[in-house]
Structure formats: structure tokens, C-alpha cells
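Summary of the model geometry
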Amino acid sequence: MTPLRFDERVAVVTGAGRGVGRSHARLLAARGARVVVADFGVGIDGRAPSSAPADEVVREITAGGGHAVACYASVAEPQGAQAVVDTAIERFGRIDVVVNNAGIHDPGLFGELSVEQFRSMIDVHYFGSVLVARAAWPHFVAAGYGRIVNTVSEAMLGGISELTSYGAAKGAVFGLTRNLATEGAAHGIRVNAVAPRAYTRMSASHSDSVAAQLSIPKEIMDTINASMPPELCAPAAAFLAHEDCPLNGEVLQIGMGGVARIAVVRSVGITKTPLTAEDIAANLEEIMNLSDAQVTAVTEMVQ
């Protein structure tokens, strides 16, 4: 198969100073893209910004013969998101790809999380994705081409406690992904998402709690964590960012050497008029049966 290259393409990667974002930026650059390494440089709680993480990744890319420039703006602010896209236009003359990866992590039990903690998650994960995509959108529409790769999480599906703020914010990004995919199709814009499984400073902060909840011994958890380097997530992001990718509105669960589809399905269910609560109770097994379920689609897959 012909290698998937990004020569002459320009990509913005947010949260690219560390972890999964760093791996995305490095791989895109290695495949020919000119990359804006956008990172506010904050801790996992969103505090104490620094230019050092973005600068270090730019040095790594340029040392390998690639092209990259740093941007230190906060994507949670409209002017910051605009600055990220403006950096691409001013330095490289165009923008073709947005990888929305910036995020923070502040786990806690639902009853103990403050409203401010919920808002911070929404500001960075959801509005960060909205604002960068919105700043890039006019350029994509004018070019009749664009690729957006958002970052969601399996946490949006539930299953682990202490992630109501984080998981809900990622659920909002999922909804954004699906609706942007619908609207962007007419303009040659495809929007997909990745749900990474990677051991980073964010997941490390919650690793012990997860192990305790699932009764996983420490030595086994350490082995699991070692099997999840961020670099294993980058190939799927690069595929979704490429012009040959036919997908739109999809979510790929990635990491640990694997890739799988996460999809919303709809069962056949029942139809009855009038419908009563008792009808639902009496037919619950049939309603919940997924044997003939259909995947909900935002658009037909583009060939």
C-alpha cells in the first residue's frame, strides 16, 4: 500500500506538548506535515502554564528534519483558539488538519466535585474543541477540504467512578463530532474522533483508583500501564487525518496495538399505539434486544 503521507499539508495538534498529543505531532511531522504544536503547558488540573512542553516537541521535530512551530495559547478561550489557527496560516500559509487533543483531568466523586470543576472540564475539552474547529472552519470551507480529529474517551460510556466531570465533557465532544460530521460533509470536511488507551500523566493520576475499583493487583496494573505507551495511539489519528480516510462521524478506540470501532446502535424495539408504561415493562426484553440492531450514521461513508 502507498504510504499515507502529509507532504504540503499543515496540521494543528492541541495538547501536543506531552503524552498522546506529542505522539500525534511527531508522527504527522515524520510523514511530511508542517505542524503547529499547540500547548498551554499547564498541569493536569489546568494550572501553571509553561512554554517548555511545546518548545521541546518543536525541537524534537526539527532535529529529525521536520517542520514545526509552537503556540502557547489556551484553547479554552476564543482568542487563544484563534491564535492557534492564525499561527498555522501565518507560518505555513494554510491549514488542512485539526487534531483536538488538549485536555485536563481532575477526578473526584460526583458529590464532592465543585461546579467550577465541571465547568473547567467543559471549557477545555468541549469548548477547546469547539473553538479551534470554529477558527479553522472558514479556511476548510473555502478550500473545500478539511480533517478534524477530536479526542473522546471510553469514560463517556461510564463504568469507572470519579469520572463524571471528565466523562461528561468527553460525551459532549462526541456529540460535537457527530454533528460537525453531518454539517461538514457538504464542504469536503470529515470529522472523526479517537478514544485513546494510553498511560500518560493524566491516566497515571487515576491509575491507583481504577486498580482499586476493579480489584486489580498493583503488579498487574503496572504491566497493563506499560503496555499502553502513547505512541501506539498516533497511527489511528494519522489515518483519520489523512485525505484518503473515508470515515466520517466515527469513533475509533485506539491504543495497546489495537483499533476498534465505538458505535451507537438502535434496537428494533417495539411499536404500539397507544403505548403505555405497562407495554414497555411487558416487552422490555424485546426492546433491549440488540441482535438486529442498526448503527446510527451521520452520513454515508464516502468512497
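Right, let's walk through the structure included here. Fair warning: this is a prediction, and the values are worked out from it, not measured in the lab.

Cut-offs and rules
- Residues numbered from 1 in each chain as written.
- Predicted model: local features only at pLDDT ≥ 70, side-chain atom pairs only at ≥ 80, totals over all residues.
- Heavy atoms only, no water.
- Core = buried A, V, L, I, M, F, W, Y, C linked by side-chain atoms within 4.5 Å.
- Buried < 20%, exposed > 50% of the residue type's maximum accessible area, 1.4 Å probe, protein only.
- Helix = DSSP H or I, 4+ residues; strand = E, 2+ residues; numbered from the N terminus.
- Contact = heavy atoms within 4.5 Å.
- Axes fitted to C-alpha atoms, helices over the stretch in contact; angles between N-to-C directions.
- Parallel < 35°, antiparallel > 145°, perpendicular 65-115°, else oblique.
- Left-handed = near helix turned anticlockwise from the far one by under 90°.
- Pairing = 2+ DSSP bridges.
- Salt bridge = Lys/Arg side-chain N within 4 Å of Asp/Glu carboxyl O.

**Concerning the nonpolar core**
Counting residues in hydrophobic clusters, the biggest one holds 31 residues, and the most contacted among them are Val-13, Ala-25, Leu-28, Val-35, Val-37, Ile-61 and Leu-240. Elements represented by at least two residues in this core include exactly strand S1 (10–14), helix H1 (19–30), strand S2 (34–38), helix H2 (52–63), strand S3 (67–71), strand S4 (97–100), helix H8 (234–241) and strand S7 (251–255). Residues contacting Leu-240, with those up to four places away along its chain left out, are Arg-147, Val-149, Asn-192, Ala-193, Val-194, Cys-245, Leu-247 and Leu-252. Counting 30 residues, the second-largest nonpolar core is a separate cluster that includes Val-75, Ala-102, Ala-136 and Val-191.

**Describing the packing of H1 against H2**
Where H1 contacts H2, the two axes come as close as 10 Å, and the packing angle between them is 25 degrees. The angle between the axes of H1 and H2 places the two elements in the roughly parallel class. As for how H1 packs across H2, the hand of that crossing is right-handed. Each of Arg-22, Ala-25, Arg-26 and Ala-29 in H1 lies in contact with H2, whose residues at this interface are Val-57, Glu-60 and Ile-61.

**Focus on the pairing of S3**
For S3, the tally of buried residues reaches four of five residues, placing the bulk of the element in the interior. Examined bridge by bridge, S2 and S3 share five bridges and lie parallel to one another. Directly across from Ala-38, in S3, lies its bridge partner Cys-71.

**Some remarks on the pattern of salt bridges**
Taken as a whole and judged by the stated rule, the model has 11 salt bridges. Two residues, Arg-22 and Glu-60, come together in a salt bridge whose shortest N-O distance is 3.1 Å. Residue Arg-22 is found in helix H1, and its partner Glu-60 is found in helix H2; the two are separated by 38 residues along the sequence. Overall, the relative accessible area of 22% leaves Glu-60 in the partly exposed class. Across the pair Arg-261 and Glu-250 runs a salt bridge, and its minimum N-O distance is 2.9 Å. Linking Arg-261 in strand S8 (residues 258–262) with Glu-250 in the loop between H8 and S7, this pair joins segments that are 11 residues apart in sequence. Each member of the salt-bridge network shares a partner with another, and the members are Arg-9, Arg-94, Asp-96 and Glu-243.

**Observations concerning the sheet that holds S8**
In space, the eight strands of this open sheet follow the order S3-S2-S1-S4-S5-S6-S7-S8, with mixed pairing throughout. Whereas interior strands pair on both sides, the edge strands pair on one side only; in this sheet they are S3 and S8. Within this sheet the neighbouring strands show an average axis-to-axis angle of 20 degrees, counted without direction. In this structure, strand S6 (residues 189–196) lies alongside S7, joined through four bridges in parallel fashion. By the bridge assignment, Val-194 is partnered in S7 with Leu-252. Helix H3 (residues 78–92) contacts S1, S2 and S3 of the sheet and is inclined by roughly 145 degrees relative to S3.

**Here's the deal with the side chain of Ser-129**
Summarising the element assignment, Ser-129 is placed in helix H4 (residues 115–143). Filtering out sequence-adjacent residues up to four positions away, Ser-129 remains in contact with Asn-100, Val-124, Asn-150, Val-173 and Leu-176.

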